[in-house]
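Residue-level listing of the chains:
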Amino acid sequence: MKPFIYDLTFEQLQQWLKEQNEPAFRAGQIFDWLYVKRINDFHEMTNLSKSLRDKLEEHYQFVTLKEITHMKSQDGTYKFLFGLHDDHAIETVIMQHNYGNSICVTTQVGCRVGCTFCASTLGGLKRNLTAGEIVAQVVAAQKILDETDERVSSIVIMGTGEPFENYDATMAFLRIMIHEKGLNIGQRHITVSTSGIVPSIYKFADEDTQINLAISIHAPNDALRSKLMPVNRRFPFEEVMQSLKYYQDKTGRRITFEYALIGGVNDKVEQAEELADVLKRMDMLAHVNLIPVNYVPERDYVRTPRNDIFKFHRALQDRGINATIRREQGHDIAAACGQLRAKHMESKAR
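Each chain carries its own residue numbering, running from 1 in the direction its sequence is written. Only residues with pLDDT of 70 or above have their local features reported here, since the model is predicted, and side-chain atom pairs are shown and tallied only from 80 upward, although totals for entire chains, interfaces and linings are computed over all residues. With hydrogens and water excluded, all non-hydrogen atoms of the structure serve as input to the side-chain values.

Caption draft 1: Structural context of the overall build of the protein. Counting its secondary structure elements, the protein contains twelve helices and twelve strands. The size measure is the radius of gyration over C-alpha atoms, and the globule rule it meets is 2.2 Å times the number of residues to the 0.38 power. Its C-alpha atoms give the protein a radius of gyration of 21 Å, near enough to 20 Å, the size a compact globule of 350 residues would have. Considering only C-alpha atoms, the protein reaches an extent of 70 × 50 × 35 Å along its principal axes. When the accessible area of the protein is evaluated, it comes to approximately 15500 Å², of which 48% is carbon and sulfur surface. Here a helix means four or more residues in a row that DSSP labels H or I, a strand means two or more in a row labelled E, and each is numbered from the N terminus. Surface accessibility follows the Shrake-Rupley procedure with a 1.4 Å probe radius. Residue values consider only the protein chains on display as shielding.

Here is the structure:
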């Protein structure tokens, strides 16, 4: 199968053009067609020679995302299930905020991290997405927003999969997104979330970007985190915290700690106090994002009662930890990551 044209960073496209004895400035023209004009046919690139257009078609193809279904929430959130060329399916979400439109993208078909409260891990990992398949999700979202003259203003890599287990594709995707000749998304408007893949956190720290980092923490200690997140057995809590400290010392950037509140499991005030103590001991510049867990039928968890959420939040703030409670979006449309895909897989199996 031919590689996807969206797989190429600007520099890789320049190198390919050089190999074809084409001038490097053509890369800017091609990026303009791909990400500004957003065409999906090489022969529409009318300021390129016919021979170059033929070469592009010979060597590359466009990603085909076939919309299987979509759902729209009362709050304006769109959730899409896209079919890929190999009959797998992925989810992409458009979220409307008062500061603009945020796109949540998927980096893998399924996930092997195994968080016990998450629908994304149902069925395990099928394969990594290519950089182009991640890019195509943003392009598809932008085409939808084009209909109302809006644009993608921010990106969160928080969909299905562990981006740091698909590191090279994720980094290529990021480089394409921030390039001034492409969609030109500001680095500080992009957040990549990891479950704690320690070697990749160190690598990411050395990338010298302004892209935000979030860590799915969900517990204040090793024992509980290992129960909720089997990945913690590979990369223990203390190793994760040390890698995050390295990242912060290297970049000077604040880290977001994502904490899914699960009723009767990790939502006690004492656990909030323990988390606060860890962050203060590590001298971390941190923001804790509290997430009332979404109900997943296949998982035996319930969300924390509203009053207990506020108590947990207050316990963190009383100890000087910056914390917010995530505003729920898409709660009425199978909001939990992976739910729409899980339903589709179940339907196919029947």
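The rest of the description comes next.
Caption draft 2: Structural view of the UniProt feature "binding site: [4Fe-4S] cluster" (unreviewed entry) in the protein. UniProt positions are given in the numbering used here, feature names are shortened, and annotations may be inferred rather than shown by experiment. UniProt records the feature "binding site: [4Fe-4S] cluster" (unreviewed entry) at Cys111, Cys115 and Cys118, using the numbering of this structure. With respect to the element layout, Cys111 can be found in the loop between β5 (108–110) and β6 (125–128). Burial status follows relative accessibility: with a 1.4 Å probe on protein chains alone, a residue under 20% of its type maximum counts as buried, one over 50% as exposed, and anything between as partly exposed. Relative accessible area serves as the criterion here: at 8%, Cys111 is assigned to the buried category. Contacts are assigned to residue pairs that have any heavy atoms within 4.5 Å of one another. Non-local contacts of Cys111, meaning those with residues more than four positions away in its chain, are made with Ser120, Thr121, Gly124, Leu125, Gly161 and Glu162. Note that Cys118 resides in the loop between β5 and β6. According to the relative accessible area criterion, Cys118 is buried, its value standing at 19%.

Caption draft 3: Expanded view of the sheet that holds strand β9 (residues 212–216). Reading across the sheet, the ten strands line up as β1-β2-β3-β4-β7-β8-β9-β10-β11-β12 and stay open at both edges, with mixed pairing between neighbours. Because the sheet does not close on itself, it has two edges, and the strands there are β1 (66–72) and β12 (322–325). Across the sheet, the axes of successive neighbouring strands diverge by a mean angle of 20 degrees, strand direction being ignored. In short, DSSP must find at least two bridges between two strands for them to pair. Looking at chain direction, strand β3 (residues 89–97) and strand β4 (residues 100–104) are connected through five bridges and run antiparallel. Bridging across to β4, Gln96 finds its partner in Asn101. Across the sheet, helix α11 (residues 306–318) is in contact with β10 (255–261), β11 (286–292) and β12; its angle to β12 comes to roughly 165 degrees. Lines fitted to C-alpha atoms define the axes, with helix axes restricted to the stretch in contact, and inter-axis angles between N-to-C directions lie between 0 and 180 degrees.

Caption draft 4: Representation of the packing of aromatic side chains. Aromatic rings from Phe, Tyr and Trp, with only the six-membered ring used for Trp, were paired whenever their centres fell within 6.5 Å, and each pair was classed as stacked if the ring planes differed by under 30 degrees, edge-to-face if by over 60, and tilted otherwise. Counting across every chain of the model gives 13 aromatic pairs. A ring pair is formed by Phe80 and Phe82, whose centres lie 5.5 Å apart and whose planes are at 0 degrees; its orientation type is stacked. Overall, the relative accessible area of 4% leaves Phe80 in the buried class. Residue classification places Phe82 among the buried residues on the basis of a relative accessible area of 5%. Between Phe164 and Tyr167, the aromatic rings sit 5.6 Å apart at their centres with planes inclined by 55 degrees, giving tilted as the arrangement. With respect to burial, Phe164 and Tyr167 carry one shared label: buried.

Caption draft 5: Structural context of the UniProt feature "binding site: S-adenosyl-L-methionine" (unreviewed entry) in the protein. In the UniProt entry, the feature "binding site: S-adenosyl-L-methionine" (unreviewed entry) is given for Gly161, Glu162, Ser193, Ser216, Ile217, His218 and Asn294. Its location among the elements puts Gly161 in the loop between β7 (152–157) and α5 (167–178). By relative accessible area, which is 17% here, Gly161 ends up buried. Beyond its immediate sequence surroundings of up to four residues, Gly161 is in contact with Thr107, Gln108, Gly110 and Cys111.

Caption draft 6: Quick peek at the pattern of salt bridges. We define a salt bridge as a contact between a side-chain nitrogen of Lys or Arg and a carboxyl oxygen of Asp or Glu at a distance within 4 Å. Taken as a whole and assessed by the stated rule, the structure comprises 16 salt bridges. Of the charged contacts in the structure, one is a salt bridge between Glu207 and Arg175, with a shortest N-O distance of 3.1 Å. One end of the pair, Glu207, is in the loop between α6 (198–205) and β9; the other, Arg175, is in helix α5, with 32 residues separating them in the sequence. You can call Glu207 partly exposed: its relative accessible area is 25%. The class of Arg175 is partly exposed, set by a relative accessible area of 39%. Each member of the salt-bridge network shares a partner with another, and the members are Asp86, Arg127 and Glu133.

Caption draft 7: Examining the side chain of Asn289 more closely. Position of Asn289 among the secondary structure elements: in strand β11. Residue Asn289 is classed as buried on the basis of its relative accessible area of 12%. If we skip the residues at most four places from it in the chain, Asn289 touches Thr256, Phe257, Glu258, Tyr259, Thr324, Ile325 and Arg326.

Caption draft 8: Representation of the packing of helix α10 (residues 269–281) against α11 in the model. In contact at an axis separation of 8 Å, α10 and α11 are set at 30 degrees when each is read in the N-to-C sense. Judged by the inter-axis angle, α10 sits roughly parallel to α11. Like other packed secondary-structure pairs, α10 and α11 cross with a definite hand, here right-handed. Facing Val269, Gln271, Ala272, Leu275 and Ala276 of α10, the residues of α11 in contact are Lys311, Phe312, Ala315 and Leu316. When residue character is reported, Ala, Val, Leu, Ile, Met, Phe, Trp, Tyr, Cys and Pro are called nonpolar, Asp, Glu, Lys and Arg charged, and the others, Gly included, polar. In the contact of α10 with α11, the residues fall into seven nonpolar, one polar and one charged. Angular relationships are summarised with four words: roughly parallel below 35 degrees, roughly antiparallel beyond 145, roughly perpendicular across 65 to 115, and oblique for the angles in between. For a crossing to be left-handed, the near helix must be turned anticlockwise from the far one by less than a right angle; the clockwise case is right-handed.

Caption draft 9: Examining helix α3 (residues 50–59) more closely. Among the residues of α3, those classed as buried are Leu52, Arg53 and Leu56. Taken end-on, α3 shows its buried residues confined to a sector of 100 degrees, consistent with a single buried face. Of the residues in α3, the exposed ones pointing more than 90 degrees away from the buried face are Lys50 and Glu58. As for α3, its buried residues are in contact with α1 (10–19) and α2 (26–36). Taking the helix axis as origin, the arc is that swept by the directions to the C-beta atoms.

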